[in-house]
Amino acid sequence: MPITRRLLLGSSLALPALRVARAASSVLRIGISTSLATLDPMMTTTGDEYIYDNIVFNGLTRMDETLAVKPDLAESWSHSPDVKTWTFKLRSGVKFHNGDTLVADDVVASFRRMLDPASTAPSKGQYSMVTAVTAPDASTVVFELSIPYGGFADVLTDRQVKIVPRSALSTLTKTPIGTGPFKFVSYTPGDRVVMTRNPGYFEPGLPKLNGVELRIIPEMSVKIAALQAGDIDVVWDLPLDQVQTVSAQPGVRAESVPTASWDAAVMNNLIPPFNDLKVRQAFNLAADRKDIIELTLFGQGVQTISPIPPTHPFYAGDQIIPQADPSAARKLLAEAGHPNGLTIPIISPVGRPTRERLAVTLQQLVKPAGFDLQVQRAPYSTFPAEVSGKAPLYVDGFFQRPTIDAATYPMLHSTGSWNATLWHYNNPDVDHALEAARRAGDPAVQKINYVTMQKAMVANPPGYFAYCMNFACAFRSSIVGIKTHPMRWFDLRATTMS
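Residues numbered from 1 in each chain as written. Predicted model: local features only at pLDDT ≥ 70, side-chain atom pairs only at ≥ 80, totals over all residues. Heavy atoms only, no water.

Asker: I'm lost on the sheet that holds strand 7 (residues 140-145) in this one. Help?
Answerer: Sheet strands pair via backbone hydrogen bonds, and the direction of the pair is either parallel or antiparallel. In spatial order, the strands read 4-5-7-6; together these 4 strands make up an open sheet with antiparallel pairing. What marks the edges here is a single partner per strand, and that holds for strand 4 (74-79) and strand 6 (130-137). Geometrically, the sheet is characterised by an average inter-axis angle of 20° between neighbouring strands, direction not taken into account. Taken together, the 5 bridges between strand 4 and strand 5 (residues 85-90) define a ladder with antiparallel strand orientation. The residue bridging Ser76 from the neighbouring strand is Lys89, located in strand 5. Against the sheet, helix 4 (residues 104-115) engages strand 5, strand 6 and strand 7, with an angle of about 165° to strand 6. (Pairing = 2+ DSSP bridges. Helix = DSSP H or I, 4+ residues; strand = E, 2+ residues; numbered from the N terminus. Axes fitted to C-alpha atoms, helices over the stretch in contact; angles between N-to-C directions. Contact = heavy atoms within 4.5 Å.)

Structure below.
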């Protein structure tokens, strides 16, 4: 019988040799869903691209899996008493992948490129408070801000604000160069991104892997089968309904972690019926959030009343979450002029299965409280023009932001950029708390103000925060030193393959 590749792969004699070769190669293969639209970290916009950002590049600061802010290219930082001038001291001896030494001028060039009026960088708006970036010397970078901003070191952990060599700004889309633990090798759209170990990485002994590949596999079922067969090592963004199923399979593990990514029933506070506070309060009493999490997220989520999740130290506590009380909700509706209940459409986005489930779940669970929701569906591509900030009630949400300020101020302040396309919320108590938290450089003072904000939101809710959802990934059991990150990227510096 002729020896074929299939026969060889299926033979018991071949497997040990293949395992030895696999271990020797020590290349981690991560299954992602889509091709990367760009290799320029400043211009990335998707979770698949953010993985690449954090493998090839570094920022001034980094955020670990506990959401703590740690030094990265900056070894230390300080701010002025008015929290408007921030000074960062760079590590010494850091080199880019092309051999150039990192200096403060590279940091200045990276930020000025993003802040340029002609720039179309997606994250540019998060840094609108920066009025100047200067380099007093080769190891010092100074940021001047237009407002006090206590979370500035935190926001520098974000995906797109990576530092690149000032000599290579024009070639990043084809030859990306960073300081990260892995160096870019090649990219084949629709197939894979290949990266190799950076032997000159600035942290001694790291990284431990020889390389990383992002394998582009659109179908989740194919990714899961490839994981079980050992053809890939990691499945990124495992659907929440698959967590328990995958966990039960031999040789693999699934990990689901709480995040600050949230979905909500967004209510337009400018128009009936949700311009009436009592109607918004009634909706928040209409259904048990735990039931909504179980039915919508298969239990893979946590309760919240704002974009601040229970896992964050600024969370006010579960005791402030309104408990379901359909009778009290009906009473509030009657006081608002709806003694026979309220019939209203709720729009859900096509192609966002979790949000579609949330709309249907709400439809069923809020009926006893007097809300008759008529589920309508609209393409997500039409939401910005036809739904967001216009419809009385719809389902939407946001991925976790790098700081609590970035997660709350744009969404909830009366002048917030996203508030205008969400609920048009105007609560002076919330405005004051957000402004005071932004001005504070002391985390203890920030916490006091964010707790005040959450209590004010319970009394006067902008809409209905349904949950903070978990984020899940799956791994071969042989992969160690890797965790599911709430920010949806990976820290692979200490990852090994046994």
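The rest of the description comes next.
Asker: Any chance you could explain helix 4 here in plain terms?
Answerer: Three- or four-residue spacings in an α-helix give side chains the same orientation, since the helix completes a turn every 3.6 residues. Between its first and last C-alpha, helix 4 extends 17 Å over 12 residues, near the 16 Å set by a 1.5 Å rise per residue. The buried count for helix 4 comes to 9 of 12 residues, which makes it a mostly enclosed element. Buried residues of helix 4: Ala104, Asp106, Val107, Val108, Ala109, Ser110, Phe111, Arg113 and Met114, and no others. Tucked into the core, helix 4 has its buried residues touching strand 5, strand 6 and strand 7. (Expected span 1.5 Å × (residues − 1). Buried < 20%, exposed > 50% of the residue type's maximum accessible area, 1.4 Å probe, protein only.)

Asker: How should the packing of helix 13 (residues 404-412) against helix 14 (residues 428-439) be read in this particular structure?
Answerer: Each pair of packed helices can be described by the angle between their axes along with the distance between the axes. Taken N-terminus to C-terminus, the directions of helix 13 and helix 14 make an angle of 145°; their axes are 10 Å apart at the nearest point. The hand of the helix 13/helix 14 crossing is left-handed. Here Asp405, Thr408, Tyr409 and Leu412 of helix 13 come into contact with helix 14, specifically with Val430, Asp431, Leu434, Glu435 and Arg438. Per-class residue counts for the contact of helix 13 with helix 14 are 4 nonpolar, 1 polar and 4 charged. (Left-handed = near helix turned anticlockwise from the far one by under 90°. Nonpolar A, V, L, I, M, F, W, Y, C, P; charged D, E, K, R; others polar.)

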